[in-house]
Amino acid sequence: MANEDTPFKNTYVIDMGKLLTHPFNFMPNGTILPIETKNGEHVTDEVPKLFSERLVKKMINEYPDLSDSIGSLTARTIIEYMDVNGQPVLTLYPTNDTELHTNDWTHIDGRVLPEIQSIIAQRQKLVSRYKLSHPK
């Protein structure tokens, strides 16, 4: 279920060290990644959680640059937003890509959209600043 402090989301921090030594697993409906923490708690058991294969590949490819611009922790954090019934609505990846799980937004917490917009804007600002200070 969702984090008690923010019941409308689950926050997954991916273990990039494990990911580099043990490639992720492809499944018919997505990709299983090694999760280091979920909602701030260390994950000891491998709990299968499927993420979008295409967006995971993009996240991994962009991780070196993203970790420099938005920070290592943020660059490996995936946020899953849920409706009031605990059903996934949208997943936000560190690349600011989103995966929509439903078209029914009638049961979402009112904090979801403002938070998503704020996070995306903050990341865009950090990436822009980084690019200005590190021209290629």
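About the cut-offs
- Residues numbered from 1 in each chain as written.
- Predicted model: local features only at pLDDT ≥ 70, side-chain atom pairs only at ≥ 80, totals over all residues.
- Heavy atoms only, no water.
- Axes fitted to C-alpha atoms, helices over the stretch in contact; angles between N-to-C directions.
- Helix = DSSP H or I, 4+ residues; strand = E, 2+ residues; numbered from the N terminus.
- Parallel < 35°, antiparallel > 145°, perpendicular 65-115°, else oblique.
- Contact = heavy atoms within 4.5 Å.
- Nonpolar A, V, L, I, M, F, W, Y, C, P; charged D, E, K, R; others polar.
- Pairing = 2+ DSSP bridges.
- Expected span 1.5 Å × (residues − 1).
- Bend = angle between axes of the 7 residues up to and from the residue.
- Salt bridge = Lys/Arg side-chain N within 4 Å of Asp/Glu carboxyl O.
- Buried < 20%, exposed > 50% of the residue type's maximum accessible area, 1.4 Å probe, protein only.
- Core = buried A, V, L, I, M, F, W, Y, C linked by side-chain atoms within 4.5 Å.

Running from N to C, helix H2 (residues 53–70) and helix H4 (residues 112–133) cross one another at 95 degrees; their axes reach a closest spacing of 8 Å. In this view, H2 runs roughly perpendicular relative to H4, as classed from their interaxial angle. For the pair H2 and H4, contact is made by Leu66, Asp68, Ser69 and Ile70 and by Arg123, Leu126, Val127 and Tyr130, respectively. Class assignment of the residues belonging to the contact of H2 with H4 gives a composition of five nonpolar, one polar and two charged.

Moving on: the sheet that holds strand S7 (residues 77–82). Sheet architecture is open: six strands sit in the order S5-S4-S1-S7-S8-S9, paired in antiparallel fashion. Bordering the open sheet on either side are strand S5 (41–42) and strand S9 (98–100), each of which pairs with just one other strand. Taken together, the four bridges between S7 and strand S8 (residues 88–92) define a ladder with antiparallel strand orientation. Counterpart to Tyr81 in the pairing with S8 is Leu90. Sitting on the sheet, H4 is in contact with strand S1 (9–14), S7 and S8, with an inclination near 160 degrees to S7.

It is worth spelling out H2 at this point. Helix length check: H2, at 18 residues, gives a terminal C-alpha distance of 22 Å against a target of 26 Å (1.5 Å per residue), a shortfall beyond 12%. The principal kink in H2, of about 65 degrees, is found at Tyr63, preceding the proline Pro64 by one to four residues. One or two steps after H2, the chain reaches Gly71, where phi turns positive at roughly 100 degrees.

What follows concerns the pattern of salt bridges. Any two side chains of opposite charge can pair, on the condition that their charged atoms come close. Overall, the coordinates contain six salt bridges when judged by the stated rule. Lys9 is paired through a salt bridge with Glu115; the nearest N and O atoms lie 2.7 Å apart. Here the residue Lys9 occupies a position in strand S1, and Glu115 occupies one in helix H4, the gap between them amounting to 106 residues. By the burial criterion, Lys9 is buried, and Glu115 matches it. Between Lys57 and Glu53 there is a salt bridge, with the nearest N and O atoms lying 3.3 Å from each other. Of the two residues, Lys57 and Glu53 are both situated in helix H2; the distance of four residues between them amounts to about one turn of the helix. Look at Glu53 and you get partly exposed, because its relative accessible area is 31%.

Looking at where Met82 falls in the secondary structure, it is placed in strand S7. Put simply, Met82 and Asp109 are 27 residues apart on the chain and 8.2 Å apart in space, counted from C-alpha to C-alpha.

Now for the nonpolar core. Membership of the largest hydrophobic core comes to 16 residues, with the highest contact counts inside it found for Ile14, Leu33, Phe51, Ile78 and Tyr93. Those elements giving two or more residues to this core turn out to be S1, helix H1 (16–21) and H2. With six residues, the single largest contributor to this core is H2. In this structure, Val89, Leu92, Ile108 and Ile120 belong to the second largest nonpolar core, which totals eleven residues.

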